[in-house]
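# Tertiary structure, described
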Amino acid sequence: MWAPTLIAALVTLGYTRASDNKFPDGFLMGCGTASYQVEGAWNEDGKGENIWDHMFHEHPEYGTNGDNGDVACDSYHKYKEDVQMLKALNVDVYRFSISWPRILPTGDVDIINQPGIDYYNKLINELLDNGIQPMVTMYHWDLPQALQYIGGWTNGLMADYFVEYARVLFENFGDRVKWWITFNEPAMVVKGYASKDRAPSQPAPGVGDYLAAHTLLRAHGRVYRLYHQQYRAAQNGSVGISLDVQGSAPLTNSTEDVVAADRYQQFEAGHFAHPIFSQEGDYPAIMRQRVDANSKREGRPRSRLPIFTPEEVKYIRGAADFFGLNHYWTDFVTDEVNATSPSKAGDTGATAVRNGLHSWGFRNILNWIVNEYPGYSIFVTENGVETSTGLNDIDRIQYYKEYLTELQQAVNIDKVPVIGYIAWSLMDNLEWTEGFTRKFGLYEVDFNSPNRTRTAKDSAAFMAKIFLSKKVPEDDGCLS
Ligand code: IFM
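Residues numbered from 1 in each chain as written. Predicted model: local features only at pLDDT ≥ 70, side-chain atom pairs only at ≥ 80, totals over all residues. Heavy atoms only, no water.

Turning next to the site of the ligand. Near the ligand, the surroundings consist of Q37, H140, W141, N184, E185, Y328, E382, W424, E431, W432 and F440. One of the side-chain nitrogen or oxygen atoms of E185 is found 2.7 Å away from a nitrogen atom of the ligand. Between an oxygen atom of the ligand and a side-chain N or O atom of W432, the distance comes to 2.9 Å. Taking a 2 Å distance to the grid points as the criterion, the majority of the atoms of the ligand fall inside the largest pocket. The class makeup of the residues in the shell around the ligand is five nonpolar, three polar and three charged. (Near = heavy atom within 4 Å. Polar contact = N/O pair within 3.5 Å; in protein donor to acceptor, adjacent residues only side chain to side chain. 1 Å grid on protein atoms, 1.4 Å probe; cavity = no way out; pocket = protein on both sides within 12 Å on 5 of 7 lines; lining within 4 Å. Sits in = over half its atoms within 2 Å of the grid points. Nonpolar A, V, L, I, M, F, W, Y, C, P; charged D, E, K, R; others polar.)

As structure tokens, then:
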């Protein structure tokens, strides 16, 4: 585990606690995007097809209005403009993802696509020339379709392919990239193996999703070890993983709902966090117990939840320099379930019946993480809200004001070791199967214009001030 080393390094670099209305010195702030959501150029300069290209081209009806990422925000051609927007926002960091098939069109290292390498070199250099640190997500859901033809993440061999891809990234970009995230929201990745309407659209609920999760965890652990054994000494970066952890609050104060909310959290967050960040490693005991029992009841000779070898438990446990947290809302959970069997929801035996924007949930979840998985720094790698109010996005301003106030209290009062914050998103983009209808950007993008014209929303000016001063203005309202 490298977290204590990281904290010590930050202290050495002058990262100190500050007064309560300001984030500490050294606290990093910025914005994020992901390759398939913004790049476009889906088949240019040697890029291979990814699972989202494939799904939307074969089944436009799985999306919204036929929207897809063929052009998206056209960032492949407009990256310089994106960097100028980031500069105007006063960010310290830009979090973006690398498209695996733009670098390795077959998914394998038989072909290394030089124009893909050139594109990311240009983006990274442009950021650094403008004083912005790159934070790279290696996998934000756009698997090469060629690898899906051999089973995608349900194939255990994918861990080998991911290690080889990661090596190409470290070799080509590691001299300048100091922040690496292996996977974005693995819990969302595996939904594509449980339901039809997320790529790769291979519905095997309660089986395929657990298998895929198992491979993702093994792949993450191996890439973390690879970096620290072969690259860390020379490159001196940090490697983490971004987990989507929404708060899980009981719907009522009945004992059943309180227990269900905890169980839900273990199945959702614990599925990925426990093997990496807990003291003992491996899946949460409650998952092992329930999935094993259900599998037995179904007459299966083996559990649907795969088993790690002792060696795997060991190399996955502690495989992170920081806990990447993506947080948006709070779920309200009850002790009932109406799910098909087998399924993860059925195994959980609890349902999030509604969710809501409650900024107190942000502070709660930060405290929950630090209590459950002590010893790690937290980097908030996504937080944001969709709005439909165009350029005058007062609701987004209000959301950020409240959520950042809670974050500041978690840092300055509760002493939760949060080292940075990334707002989602720099600009409106392709919200997966929801298409261009859901807008998370600080910048608006005109998807009807061939230029994909970007225009700052009111929230851009608001966030630019916070990113510069590291201060959140006094709260004068409440979302909840
Ligand atoms: O747009 C997504 C992103 O790709 C992953 N996290 C949640 C965001 C908003 O839904």
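From this point, the narrative continues.
Okay, the environment of Q202 next. Within the secondary structure, Q202 sits in the loop between α9 (186-189) and α10 (208-235). Separated by 51 residues in sequence, Q202 and G151 have C-alpha atoms that sit 9.4 Å apart. In this structure the side chain of Q202 is engaged in a polar contact, spanning 3.4 Å, whose partner is the backbone oxygen of P200. (Helix = DSSP H or I, 4+ residues; strand = E, 2+ residues; numbered from the N terminus.)

The predicted coordinates of low-pLDDT regions are not to be read in fine detail. Here the protein chain averages 95 in pLDDT, and 95% of its residues register 70 or above. Counted against residues more than four places away or in other chains, residues 1-18, with its pLDDT under 50, gives 39 contacts. (pLDDT = per-residue confidence, 0-100. Contact = heavy atoms within 4.5 Å.)

To continue, consider the sheet that holds strand β4 (residues 179-184). As a general point, the strands of a sheet are linked pairwise by backbone hydrogen bonds and lie either parallel or antiparallel. One closed barrel holds the eight strands; their spatial order is β1-β2-β3-β4-β5-β7-β10-β11, and the pairing between them is parallel. The sheet shows a mean angle of 25 degrees between the axes of neighbouring strands, taken without regard to direction. In this fold helix α17 (residues 458-469) packs onto β1 (28-32) and β11 (418-424), with an angle of close to 150 degrees to the strand it touches most, β1. (Pairing = 2+ DSSP bridges. Axes fitted to C-alpha atoms, helices over the stretch in contact; angles between N-to-C directions.)

Attention now goes to the layout of surface pockets. Empty space within the largest pocket amounts to approximately 890 Å³. Residue lining of the largest pocket: 38 residues in total, with E185, M188, D244, Q246 and W329 positioned closest to the centre. Of all the secondary structure elements, the ones that give two or more residues to the lining of the largest pocket are α9, β6 (247-250), α11 (255-277) and β9 (351-356). Here the lining of the largest pocket is built from residues that sort into 15 nonpolar, 11 polar and 12 charged. (Points joined across faces, edges and corners; volume = space filled by probe spheres on them.)

The next thing to look at is the pattern of salt bridges. With the rule as written, the count across this model stands at 19 salt bridges. Among the salt bridges present, the one from R304 reaches E298, with a minimum N-O distance of 3.0 Å. The partly exposed category is assigned to E298, whose relative accessible area is 31%. We note a salt bridge from D428 to K457, for which the minimum N-O separation is 2.8 Å. Placement of the pair is D428 in the loop between β11 and β12 (443-445) and K457 in the loop between β13 (454-456) and α17, with a sequence separation of 29 residues. (Salt bridge = Lys/Arg side-chain N within 4 Å of Asp/Glu carboxyl O. Buried < 20%, exposed > 50% of the residue type's maximum accessible area, 1.4 Å probe, protein only.)

Glancing now at helix α4 (residues 75-88). In this model α4 runs just 17 Å from its N-terminal to its C-terminal C-alpha over 14 residues, more than 12% under the 20 Å that 1.5 Å per residue would give. The sharpest bend along α4 reaches about 40 degrees and sits at E81. (Expected span 1.5 Å × (residues − 1). Bend = angle between axes of the 7 residues up to and from the residue.)

Moving on, we get to the sheet that holds β9. Reading across from one edge, β6-β8-β9 is the order of the three strands in this open sheet, with mixed pairing throughout. In this open sheet, the two strands that pair with only one neighbour each are β6 and β9. This sheet shows a mean twist of 35 degrees between the axes of neighbouring strands, independent of strand direction. Looking at chain direction, strand β8 (residues 330-334) and β9 are connected through five bridges and run antiparallel. Looking across to β9, one finds that D331 is bridged to N355.

Tallied over the full model, the rule gives four cavities of 30 Å³ or more. Estimated volume of the largest cavity: approximately 80 Å³. Elements represented by at least two residues in the lining of the largest cavity include exactly α2 (35-38), α4, β2 (93-97) and α6 (114-129). When its residues are assigned to classes, the lining of the largest cavity shows seven nonpolar, four polar and two charged.

What follows concerns the side chain of T387. Its location among the elements puts T387 in the loop between β10 (377-382) and α16 (394-412). Of note is the side chain of T387, whose polar atom sits 3.1 Å from the side chain of R396. Those residues in contact with T387 that sit more than four places away from it in its chain are D393, D395, R396 and K439.

Note that an α-helix has 3.6 residues per turn; residues three or four places apart therefore point the same way. An ideal rise of 1.5 Å per residue puts 16 Å on 12 residues; α17 measures up with 17 Å between its terminal C-alpha atoms. Those residues of α17 that sit buried are S459, A460, F462, M463, A464, I466 and F467. In this structure, the buried residues of α17 make contact with β1, α4, α16, β11, β12 and β13. Looking at the residues trailing α17, positive phi occurs at K470, about 60 degrees.

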